[in-house]
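# Survey of secondary and tertiary structure
Listed below are the residues making up each chain.
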Amino acid sequence: MIAVITGDIINSQHAETEVWITRLKNLLENWGSAPHTWEIYRGDEFQFKCNIDDVFWRFLAIKSLIKSQENLDVRIAIGIGEENFSSEKITESNGTAYVHSGRLLNDLKNDGHTVAIKTSNDSVNKDLNILLKWSSKDFDNWTMATSEIIHEMIMNQDITQEDLAKRFNISQSSISQRLKRANYELIVETNQYFRKKISEL
């Protein structure tokens, strides 16, 4: 069983493509090679596969990266399932994980939400999608400054608030306030709950 993220950049036409696409490519390259593990296509859409345990954290890493750039956001459809055919190009691979993710992105474009998950278990889908709807009320309202801090915390699990203060040239108390406003401790708990629910599939 694998996780497939299919996404698209919201407001991409109002931003410099070279900036966000370079940063997104650099992020995805941390997790695998293109085009087998990830691919950016049709200008502002992308697909990426990963371990099911990592998918919530990966989603948030992408979300915080894109939100740290002015006027941008991202829609993300998470599909959990099988990979029945693995091609050299992820966009040519197939299986329930890919089908769930691809179809779900189309649904998201129509219903106005920015993140959802689909598995083969309706009960898990219901629980996790309610959780994601509540969570995204926070995630969708992150400022650029908050997004930068969250992104660093996700990508560098051992980083301290003092390290972050030096990196961003602000006080440690300012870092603490931003993390508190972003409900970072609750995000960590949500990740643990997410992993537990998916492990039940």
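Conventions used here
- Residues numbered from 1 in each chain as written.
- Predicted model: local features only at pLDDT ≥ 70, side-chain atom pairs only at ≥ 80, totals over all residues.
- Heavy atoms only, no water.
- Phe/Tyr/Trp six-rings, centres within 6.5 Å; stacked < 30°, edge-to-face > 60°.
- Helix = DSSP H or I, 4+ residues; strand = E, 2+ residues; numbered from the N terminus.
- Buried < 20%, exposed > 50% of the residue type's maximum accessible area, 1.4 Å probe, protein only.
- Salt bridge = Lys/Arg side-chain N within 4 Å of Asp/Glu carboxyl O.
- Polar contact = N/O pair within 3.5 Å; in protein donor to acceptor, adjacent residues only side chain to side chain.
- Contact = heavy atoms within 4.5 Å.
- UniProt positions renumbered as here; feature names shortened; annotations may be inferred.
- Core = buried A, V, L, I, M, F, W, Y, C linked by side-chain atoms within 4.5 Å.

An unreviewed UniProt entry lists the protein under the name HTH cro/C1-type domain-containing protein, with Chryseobacterium taiwanense as the source organism.

### Describing the packing of aromatic side chains
Using the criterion set out here, one finds five aromatic pairs in the structure. A centroid spacing of 5.1 Å and a plane angle of 35 degrees characterise the contact between W31 and F48, whose relative ring orientation is tilted. Of this pair, W31 sits in the loop between α1 (17–29) and β2 (38–41) while F48 sits in strand β3 (residues 45–50), and the two are 17 residues apart along the sequence. By the burial criterion, W31 is buried, and F48 matches it.

### Notes on the pattern of salt bridges
All chains considered together, the criterion is met by 14 salt bridges. The partner of K196 in a salt bridge is E200, with the nearest N and O atoms 3.2 Å apart.

### Observations concerning the side chain of N129
Among the structural elements, N129 can be located in helix α4 (residues 122–139). Look at N129 and you get buried, because its relative accessible area is 17%. Engagement of the side chain of N129 in a polar contact is seen with the backbone oxygen of I117, the distance being 2.8 Å. Apart from residues lying up to four places away in sequence, N129 is in contact with A116 and I117.

### What about the UniProt feature "domain: HTH cro/C1-type" (unreviewed entry) in the protein?
Taking the UniProt record as the reference, the feature "domain: HTH cro/C1-type" (unreviewed entry) is found at residues 150–177. Helix and strand shares over residues 150–177 are 71% and 0% respectively, and the end C-alpha atoms of the span are 12 Å apart.

### Section: the environment of Q177
Examined against the element boundaries, Q177 turns out to sit in helix α7 (residues 172–181). Since its relative accessible area comes to 46%, Q177 is described here as partly exposed. Expressed as a C-alpha distance, the spacing of Q177 and G81, which sit 96 residues apart in the sequence, is 38 Å.

### Here we look at the nonpolar core
In this structure, F59, I62 and I78 are the most contacted members of the largest nonpolar core, which totals 50 residues. The leading source of residues in this core is helix α2 (residues 55–67), at nine residues. The contacts of I62, once residues within four sequence positions are left out, are I5, L24, L27, L28, W31, F46 and I76.

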